[in-house]
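Residue-level listing of the chains:
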Amino acid sequence: MSQREPRSRERIVIGAADLIRRRGLAGSTVRDLAAHSGAPLGSTYHYFPRGKQQLAAEAVRFAGDLVTRILEQELEAGPVAGLRAFLALWRQTVIDSDFAAGCPVLAVAVEEPPDDAAPEAITAAAEVFTSWEGLLSASLRDRGAAPEQAARLATLIVAAVEGSVAMCRAKRDIQPLDDIAAQLEVLVHAAVAK
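The paragraphs below set out a description of the structure included in this document. Note that the structure is predicted; figures quoted are calculated from it, not measured.

## What about helix α2 (residues 30-37)?
Along α2, the positions that sit buried rather than exposed are Val30, Leu33, Ala34 and Ser37. All buried residues of α2 lie within an arc of 95 degrees about the axis, which places them on one face of the element. Residues Arg31 and Ala35 are exposed on α2 and point more than 90 degrees away from its buried face.

## Remarks on the pattern of salt bridges
Using the criterion set out here, one finds 11 salt bridges in the structure. Linking Arg23 and Asp32 is a salt bridge whose minimum nitrogen-to-oxygen distance equals 3.1 Å. We classify Asp32 as partly exposed; its relative accessible area is 26%. For Glu148, the salt bridge is made with Arg152, and the minimal N-O distance between the two is 3.1 Å. With Glu148 and Arg152 both in helix α8 (residues 147-171) and four residues apart, the pair spans about one turn of that helix. Each member of the pair, Glu148 together with Arg152, is exposed. Counted as one network, the salt bridges with shared partners bring together Arg9, Glu58, Arg61 and Glu127.

## Let's talk about the packing of aromatic side chains
Considering all chains together, one arrives at five aromatic pairs under this definition. Measuring from centroid to centroid gives 5.9 Å for Phe129 and Trp132, while their planes differ by 70 degrees, and the two rings are edge-to-face. Highlighted residues: Phe129 and Trp132, both in helix α7 (residues 120-142), separated by three residues, approximately one helical turn. Like Phe129, the residue Trp132 is buried in the burial classification.

Parameters and conventions
- Residues numbered from 1 in each chain as written.
- Predicted model: local features only at pLDDT ≥ 70, side-chain atom pairs only at ≥ 80, totals over all residues.
- Heavy atoms only, no water.
- Buried < 20%, exposed > 50% of the residue type's maximum accessible area, 1.4 Å probe, protein only.
- Helix = DSSP H or I, 4+ residues; strand = E, 2+ residues; numbered from the N terminus.
- Arc of directions from axis to C-beta.
- Salt bridge = Lys/Arg side-chain N within 4 Å of Asp/Glu carboxyl O.
- Phe/Tyr/Trp six-rings, centres within 6.5 Å; stacked < 30°, edge-to-face > 60°.

Put into structure tokens, the structure is as follows:
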């Protein structure tokens, strides 16, 4: 049983992250999230007794952790390498999905919080964005950027990338992401060249 439970739970979380990055949270019911993962609805409520917000929060953390691992690995070579990897990940996501999928973290972050429940998923999205900003900021500081400049540039990177992914989906064109990639790289080089 212990072998099967984590796989079932993980499959539900992965499926939820995928559906949220395509439809958003408001466009997905718990039933939809369960069906997309191939899990029975009862199993979904077993693993996520607080319902949709709990499942969405777990999906956001799962997606955030995947990106975090890539960032951590690539930032070892410096902030330019980390930036390029961050951009490449989202570029691949948008293109591979034929502009149907974006970032589940952003998809949850822009949702109206539920009136009758704690905004568990939105809180998770804020934590993920803060984590990404922290990693980028630390790398920029390690390579010579002033602390305040590093923090601001890290926020700009996350906001620009997330916003451009949304633009790419709306326009069905990768150009917005490619445009910000060039500009962000100039800013990163300038920040660490001092």
